[in-house]
Amino acid sequence: MSAKTLSATTPAATSPVAKTTDREAVAQRLLRSSLEHSYEPNLDIDWDAPLVDGAYGMSPHRVSLYGTELWDQLTEEQRITLSIHEVCSVARVGLWFEIILMQMLLRYAYDRDPRTQHIQYALTEIADECRHSVMFAKMTERYGVPDYKPRWLTQHLGRFCKTVVSGPAMFAGTLVAEEITDQLQREAMKDNTLQPLTRMVSKIHVTEEARHVRYAREELARIAPKANLVQRTVGRWMTALMAHRIATNLIHPDVYRSVGLDPKKARKVAKNNPHYQASLRWTARKLVPFLREQAMIGGPSEVLWRKAYLV
């Protein structure tokens, strides 16, 4: 047998999985980027560094009570405290969804060809999300806040989604969670008034989530046009349900206890706060047009998007 026959390039020339499709080309670029631009939060974040006195946890104008009479009544110290609890609440919702996403991606990869770059990237994304989940957990631990896990109904709806959601709804729901938090973190990583811990966590998440967003957008754009009426209708409702649960759970009511406010009253003020409603729409300003293009927003299910103040 000749050396040419044994060369590493010969099988690739005949293997069906070696054909370069658009899907494979995108996955190959994402895999390369993962090798060149990834972090290990346990090593890249100084978890023992002291917190900075007077630094906010998240930008004040993104805090849910900003612009209300309740906000005006808070001292500067209370505002800082509330901002730290709210950034940790957002991170906890992010952690909740990333656990859901990891399970959806595992189901997605289970029956597909692992030789493809596309599935190898899905497995790489799972590894990314595992590190992110630990990073968010360590951040909330470092800030010394309670575990603001989603409430009972949302927790159990998450169990349902991770078990059954697939197809267009899986990728659309992924984009909802990733792009909403991405907008907040892109702003936070550049804000020098924030705690360095918030900024570094945001930087790591933004860098790696950019690949996840690209992966989900590309795949949704491929499969959404092929969906039939039933698949599209179910996909819209499932996506709308996930969007509503994510947006309405970003700020856990118990965060208001940190500054001596009644959770029910403060939550009601935040929900009716025009500034906070505008912030929610701002986080979805790039997401909503794209999902409309893919016919994943529209019809009766859009009421859930409006109730969540995302459109």
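Look up a bit, the structure's there.
Parameters at a glance
Residues numbered from 1 in each chain as written. Predicted model: local features only at pLDDT ≥ 70, side-chain atom pairs only at ≥ 80, totals over all residues. Heavy atoms only, no water. Helix = DSSP H or I, 4+ residues; strand = E, 2+ residues; numbered from the N terminus. Buried < 20%, exposed > 50% of the residue type's maximum accessible area, 1.4 Å probe, protein only. Salt bridge = Lys/Arg side-chain N within 4 Å of Asp/Glu carboxyl O.

## Quick look at unusual backbone geometry
So, point 1. Its identity as a non-glycine residue notwithstanding, alanine 295 has a phi of 60°, on the positive side.
So, point 2. Structurally, alanine 295 is set in the loop between α14 (287-293) and α15 (302-307).
So, point 3. Its identity as a non-glycine residue notwithstanding, tyrosine 309 has a phi of 60°, on the positive side.
So, point 4. Looking at where tyrosine 309 falls in the secondary structure, it is placed in the segment after α15.
So, point 5. Given a relative accessible area of 21%, tyrosine 309 falls into the partly exposed group.

## Notes on the pattern of salt bridges
So, point 1. Taken as a whole, this structure holds 15 salt bridges when the rule is applied.
So, point 2. One salt bridge connects arginine 62 with glutamate 187, and the closest N-O pair in it is separated by 2.9 Å. With a gap of 125 residues between them, arginine 62 in the loop between α4 (41-44) and α5 (69-73) and glutamate 187 in helix α9 (residues 167-188) connect regions that are remote in the sequence.
So, point 3. The buried category is assigned to arginine 62, whose relative accessible area is 12%.
So, point 4. Of the charged contacts, one joins arginine 211 and aspartate 128 as a salt bridge, the two residues approaching to 4.0 Å between their closest N and O atoms. Linking arginine 211 in helix α10 (residues 196-223) with aspartate 128 in helix α7 (residues 117-143), this pair joins segments that are 83 residues apart in sequence. When sorted by exposure, arginine 211 lands in the same class as aspartate 128, which is buried.

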